[in-house]
Protein chains: 2
Amino acid sequence: MSRSSSDIVNSLRKLISDGHYCPGERVAELHVAEKLGVSRTPVRLAFRTLEQEGLLQRAGKRGYVVREFTEEDVQIAVEVRGALEGLAARRLAERGMSEEVAKRLLECLHQGEELLGKGYLTVDDIATWSDINRRFHGTLVASTGSQVIQDAINKNNHLPFASADSIIIDTEALDSEYHKLRMAQMHHRLVYQALNHGEGARAEMLMREHAYIGLRYVELLGVDPIATE
Amino acid sequence: MSRSSSDIVNSLRKLISDGHYCPGERVAELHVAEKLGVSRTPVRLAFRTLEQEGLLQRAGKRGYVVREFTEEDVQIAVEVRGALEGLAARRLAERGMSEEVAKRLLECLHQGEELLGKGYLTVDDIATWSDINRRFHGTLVASTGSQVIQDAINKNNHLPFASADSIIIDTEALDSEYHKLRMAQMHHRLVYQALNHGEGARAEMLMREHAYIGLRYVELLGVDPIATE
DNA sequence: CTTCCATCAATTGGATCCAACCAATGTCTA
DNA sequence: TAGACATTGGTTGGATCCAATTGATGGAAG
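Position numbers for residues count from 1 along each chain, tracking the sequence in the order it is written. Going through the entries in the order they are written, you letter the chains from A and number the ligands from 1. Given that the model is predicted, a residue must reach a pLDDT of at least 70 before its local features are reported, and side-chain atom pairs must reach 80 or more before they are shown or counted; all residues, however, enter totals for whole chains, interfaces and linings. Side-chain descriptors were evaluated using all non-hydrogen atoms of the structure, hydrogens and water having been removed beforehand.

Student: Sorry if this is basic, but what is going on with the protein's contact with DNA strand C here?
Tutor: Distances are taken per atom, and a residue is near a molecule or strand as soon as one of its heavy atoms is within 4 Å of it. With respect to spatial proximity, 15 residues lie near DNA strand C, and among them Ser39(A), Thr41(A), Glu29(B), Arg40(B) and Arg62(B) are the closest. Within 4 Å of the protein, the atoms of DNA strand C are drawn from sugar and phosphate moieties in a proportion of 48%. Under the rule applied, a polar contact is a pair of N or O atoms within 3.5 Å (in protein, one hydrogen donor and one hydrogen acceptor; residues adjacent in sequence only if both atoms are side-chain atoms). Glu29(B) is positioned such that a nitrogen or oxygen atom in its side chain is 3.1 Å from a phosphate oxygen of DNA strand C. Between DNA strand C and Arg62(B) there is a distance of 2.2 Å, counted from a base oxygen to a side-chain nitrogen or oxygen. Residue assignment for the surface near DNA strand C shows that the elements contributing at least two residues are helix H3 (40-53) of chain A together with helix H3 (40-53) of chain B. Counting residues per element, the surface near DNA strand C draws most heavily on H3(A), which supplies 3 residues. Any residue outside Ala, Val, Leu, Ile, Met, Phe, Trp, Tyr, Cys, Pro, Asp, Glu, Lys and Arg is labelled polar, Gly included; the first ten of those are nonpolar and the last four are charged. For the surface near DNA strand C, the class distribution of residues is 4 nonpolar, 4 polar and 7 charged. Strands are runs of DSSP state E lasting at least two residues, helices are runs of H or I lasting at least four, and both sets are numbered from the N terminus onward.

Below, the structure written as structure tokens:
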């Protein structure tokens, strides 16, 4: 069973995100090649793709290193996603949703209500929410009609911390995570409402704020009702 | 004299934008290889890069075609740039400009005043403005401090119609182009003013509006003071 | 005459080979 | 003893070779 070209890219992406190659560390073609059991050629091709995605970075004139991200990078990546998804939402509101799009978004909303309606969160629910969330964002972005904005968002989402479904980390504190997801679900409902009424500016701002949910909301939703900072 | 790896990407990019390969047309590795006088290997590498940049698109399971863009794509690409540069401007306003950044932006403003102060436009002025404009936008975006937002903007700018210095097309109508550049210069000055006063929201909105200058302003700045539409 | 299957050509993808280059280490000389 | 130059090892980039897959064309059968 030989691996296809995009499999190599995915495998290498996984090797990096799993920490087999640390940020700042140099990645050698030969090393990756024999770790994946392929020749150097497909690895070199994958390097080009991952360089464009932003996970690899040229080391001087020779070879690549794993890109390292600062705390500021994480914050900006989230803001970039908010700006782009906000743009998509605004366009969608201004031009009107099709029946098909409205139906699919509503389905996400209903499934979200059902998932969170029971009042608490289990570890299995995380994957379910992730799927709902991905479909909501994916549908919204896809229905701008243009590939250009999708590409921009996809590129940003390749940064492991920037994508919309990298919200849940803490499976220990399912309590505060539950409150976060309730908040996210409310955001989704508000966005749908704005889209449905053609309120472009409101839809945009709601999506921009919604992006912060993985970044700034966790502090406010702990057990302690009056959070720090 | 052998061509370096990034030269190949640039050459191929030029071949495409010069129309040697038309939108929708299939590009074969071998064909490009012998046109550039290199082997297939570097061409395949370049294909990966250009695929990520959005200029090439996979054709089914086999090969690539030149990406074709709709009128809507052009509009969205411009809006995406506005959203991203707006984000950069907002951050810069909120965190404050360094002396160095302020100095470089001011230099662009002065050079712009000097260029446009004589009251008309020559064909030679176009390259000068393009340089000033590129430095203004480049300085602003670079001074966010994070590579992430620069990458997002750079990727968008690879679309030939989306970059900030693809404003000037019509060298016949230097009259209306002059008015457009005066408007752009005024935008730059307003943005600088907002940055200087720490007005984040204003800086952001000005940059977003400024992006439209190549798209919607030309209709309003013709010889006829009351334009159509 | 049309449709389906088979064979063949063309092109892509992967592996290997070769050359160029950067870096490091060791030796020689001042 | 220190600095500079040369040699060597390792890694990357390019070219060529081989295999596999796809698309097309032609022939045969219904």
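Student: What's the story with the interface of chain B and chain A in this structure? I'm lost.
Tutor: Interface extent is often summarised as the accessible area lost during association of the parts. Listed per partner, the contact involves 36 residues of chain B and 36 residues of chain A. Simply put, the buried area is the total loss of 1.4 Å probe accessible area from both parts when two parts are fitted together. Taken together, both faces of the contact between chain B and chain A bury some 3300 Å²; the carbon and sulfur share is 56%. Whenever a carboxyl oxygen of Asp or Glu lies within 4 Å of a side-chain nitrogen of Lys or Arg, that contact is scored as a salt bridge. At the junction of chain B with chain A, the criterion picks out 10 salt bridges. Here Asp151(B) makes a salt bridge to Arg67(A), at a shortest N to O gap of 3.4 Å. Here chain B is connected to chain A by 12 residue pairs in polar contact (both at pLDDT 80 or more). The set of elements that each furnish at least two residues to the side of chain B that touches chain A consists of helix H1 (5-17), H3, helix H4 (71-95), helix H7 (147-157) and helix H9 (200-211) of chain B. In terms of residues, the side of chain B that touches chain A owes the most to one element, H4(B), which gives 13 residues. Looking at the side of chain B that touches chain A, its residues break down into 13 nonpolar, 9 polar and 14 charged. Whether two residues touch is decided by their heavy atoms; if any such pair falls within 4.5 Å, the residues are in contact.

Student: Explain the protein's contact with DNA strand D to me, please; I cannot follow it from the model alone.
Tutor: Near DNA strand D you find 13 residues, and of these Arg40(A), Arg44(A), Arg62(A), Ser39(B) and Thr41(B) are the closest. Between DNA strand D and Arg58(A), the relevant distance is 3.3 Å, taken from a phosphate oxygen to a side-chain nitrogen or oxygen of the residue. Mapped onto the surface near DNA strand D, the elements with two or more residues apiece are H3 of chain A together with H3 of chain B. Among the elements that line the surface near DNA strand D, the one with the most residues is H3(B), at 3 residues. For the surface near DNA strand D, the residue count by class is 4 nonpolar, 2 polar and 7 charged.

None of the figures reported here should be taken as evidence of function without further support.
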